Amino acid sequence: MKHLLIALGLCVGFAHAQAPETPIEPEVELTEARTDGANEVIETEVPELVVNPLQPDINVRGAVPVGETITLDAADSKLGSPSEGQATYSWDAGDGTPLLWGVQVKHTYENVGQYDIKLNIKQGSLRESSTKSIIAYDRRGVLVTDTPRPDVVAQAAASGLWLSEIPYETGDTQLATEEAFVAALSQKIPQLQQSDIILFWSQSTDPLQTFAQWSRELTGESALNLSSTMVAQITEGPLQNAEQQVRTAVLTMGNSGTLLTRPEGATQLWSNTNAASAGSALLSRGVEWSFVDERTGGSGWRLLSRAMSYFAQNGVSQSVIYLLLAVPFLAFFVAFFRQFVGIKTYGVYTPMMLGLSLLVLGLQVGLLAFVLVLLVSTLIRWVFARIEMLYIPKVALTLSVLALSFFVVLWAGVELNIDINWGLAVFPMLVIVTVSEKFLSNQSSAGLRNALIYTLETLLVAFVGWAFLQWDFIEQLIMRTPEVVFIPLLGSYWLGKFSGLRLSEYFKFRAFFQESSEE
């Protein structure tokens with residue numbers, strides 16, 4: 001026991017010897033007390049919450065040319081209480097140069113690249129810092145893309161190319177997509193005029209073709225001079241599939257040509273100032289590429305492709321061309337479902353025009369207008385059944401009321417913030433009104449149930465045609481090779497020669513076929 005006490009005393013003495021002479025004050029504050037069961041007051045230590053009032057703010061452009069003197073401004077930074085003393089500001093420009101001191105300082109970047117500017121503020125015992133990235137470039141360009149590509153922008157910045165992004169966002173309809181893209185282009189005219197390269201990176205060439213038609217119409221101070229600008233299109237599919245559409249865009253823009261390559265060749269575009277040097281770099285690295293100009297490819301015997309190119313060069317919208325090419329497909333679908341499947345519709349014209357209306361309006365607005373037509377038509381018939389009127393004036397009054405009821409659709413579109421060109425949407429909505437006359441006529445002759453069946457089957461056929469033509473693969477195939485419209489034409493001719501039973505008739509008379517097979 002004696003030895004144990006001696007050892008314990010040695011340990012305590014060693015601990016006191018190692019302890020610092022000045023005791024460390026705990027960073028806590030005694031804020032409350034409580035009493036336990038033995039009436040002993042126990043003080044509870046609660047950590048003090050300290051808020052740093054310093055908020056550094058770096059005010060500088062996100063991209064600057066190499067060799068240009070810029071101002072780094074911290075005047076909007078928030079400081080602590082004046083009792084903390086005067087604040088000091090130090091800047092690290094991120095390029096290895098010495099620290100700069102002051103609220104506002106001047107600096108010049110001599111080399112291209114991306115740099116992180118760091119601002120440090122010291123005020124009394126307070127410290128705080130903030131960082132902001134900046135690009136020093138010797139070339140500038142525009143990136144048109146249907147998918148945000150921050151990695152591409154960063155790679156280009158590291159090579160001294162500042163890319164300003166213009167999004168190509170897909171809307172509810174092709175017309176809405178083009179309208180939104182043209183609005184985005186119009187806001188970037190100064191950047192486009194100063195660009196050394198305009199790069200299109202998208203799944204289709206639609207952005208390039210829309211840009212070509214838009215740039216052709218610019219005049220005066222807004223005009224683009226593309227003679228010294230490298231235009232490039234990056235595609236993930238085979239280059240041969242895109243060449244015809246790129247050639248149409250080249251003829252529309254009137255520039256010398258467009259570089260067409262694959263994603264793996266994008267890095268070679270950052271450091272080359274023209275298509276010739278970029279093509280040589282791509283060739284040396286085995287990357288597939290093509291320079292498309294007015295002599296490339298050509299349509300040859302493909303007269304329809306040549307006609308589509310002619311219309312596109314003269315300002316006809318791609319969406320308008322696509323709607324015209326969609327008509328043979330919609331007509332074939334209607335004929336197929338009526339003649340081969342046995343579905344009943346209001347003729348051929350009504351479901352075909354309903355399908356086109358869905359393409360123009362989009363599914364949301366199109367279905368809303370369609371349902372509204374049915375409801376208002378039913379209500380009007382119920383009201384007019386109690387009023388003695390001649391048939392023609394009654395139809396005229398019905399159509400007029402239906403047209404006015406579309407203000408409900410406009411209100412719903414505005415409230416739901418549906419992206420659509422309402423100026424163009426009015427006429428497809430009025431086309432849907434023609435369904436009401438068919439619906440009311442059928443309801444009078446065959447009853448409400450049969451009228452609803454005809455109407456829903458008409459909508460079904462129109463919906464199938466719309467879904468088929470909304471498929472990106474089909475849209476690109478039709479626009480790239482418009483000669484495919486001969487397929488539905490041949491299909492309609494085949495249906496005209498078809499003399500067998502419809503599929504619905506096989507189902508309707510299945511009992512008869514079973515009895516015949518048993519015999």
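**Side note on the packing of helix 3 (residues 174-187) against helix 5 (residues 206-216)**
Two elements in contact, helix 3 and helix 5, have axes whose closest approach is 10 Å; the angle formed by their N-to-C orientations is 60°. Classified by the angle their axes make, helix 3 and helix 5 are oblique. The two elements helix 3 and helix 5 meet at a crossing, and its hand is right-handed. Along the contact surface, helix 3 presents Gln174, Glu178, Phe181, Val182, Leu185 and Ser186, while helix 5 presents Asp206, Pro207, Thr210, Phe211 and Trp214.

**Structural notes on the side chain of Gln209**
Structurally, Gln209 can be placed in helix 5. For Gln209, the residues in contact, after removing those within four places along its chain, are Gln245, Thr248, Ala249 and Gln318.

**Quick look at the sheet that holds strand 6 (residues 100-101)**
Judged by pairing direction, the sheet is mixed, and its five strands sit side by side in the order 3-9-8-5-6 without closing on themselves. The sheet is open, and its two borders are formed by strand 3 (63-65) and strand 6, each paired with just one other strand. Bridge count for strand 3 against strand 9 (residues 126-137) is three bridges, and the pairing is parallel. Paired with Pro65 across the bridge in strand 9 is Tyr137.

**A few points about the pairing of strand 9**
Judged from the 11 bridges that link them, strand 8 (residues 113-123) and strand 9 form a sheet pairing that is antiparallel. Paired with Ile121 across the strands is Glu128, a residue of strand 9. If you look at the hairpin formed by strand 8 and strand 9, you'll find two residues sitting between the two strands, and Gly124 has a positive phi there, around 60°.

**Observations regarding the sheet that holds strand 11 (residues 161-167)**
Taken together, the six strands give an open sheet; going across it, the order is 11-10-12-13-14-15, and neighbouring strands pair in mixed fashion. Looking along the sheet, the strands with just one partner apiece sit at the ends: strand 11 and strand 15 (289-292). Mean inter-strand twist for the sheet, computed between neighbouring axes without regard to direction, equals 20°. Strand contacts of helix 5: strand 10 (139-145), strand 12 (197-201) and strand 13 (230-234), with the helix running at about 140° to strand 12, the strand carrying the most contacts. Of the strands in this sheet, strand 13, strand 14 (258-261) and strand 15 touch helix 8 (residues 275-284), which is tilted by about 160° from strand 15.

The rules behind these values
- Residues numbered from 1 in each chain as written.
- Predicted model: local features only at pLDDT ≥ 70, side-chain atom pairs only at ≥ 80, totals over all residues.
- Heavy atoms only, no water.
- Axes fitted to C-alpha atoms, helices over the stretch in contact; angles between N-to-C directions.
- Helix = DSSP H or I, 4+ residues; strand = E, 2+ residues; numbered from the N terminus.
- Parallel < 35°, antiparallel > 145°, perpendicular 65-115°, else oblique.
- Left-handed = near helix turned anticlockwise from the far one by under 90°.
- Contact = heavy atoms within 4.5 Å.
- Pairing = 2+ DSSP bridges.

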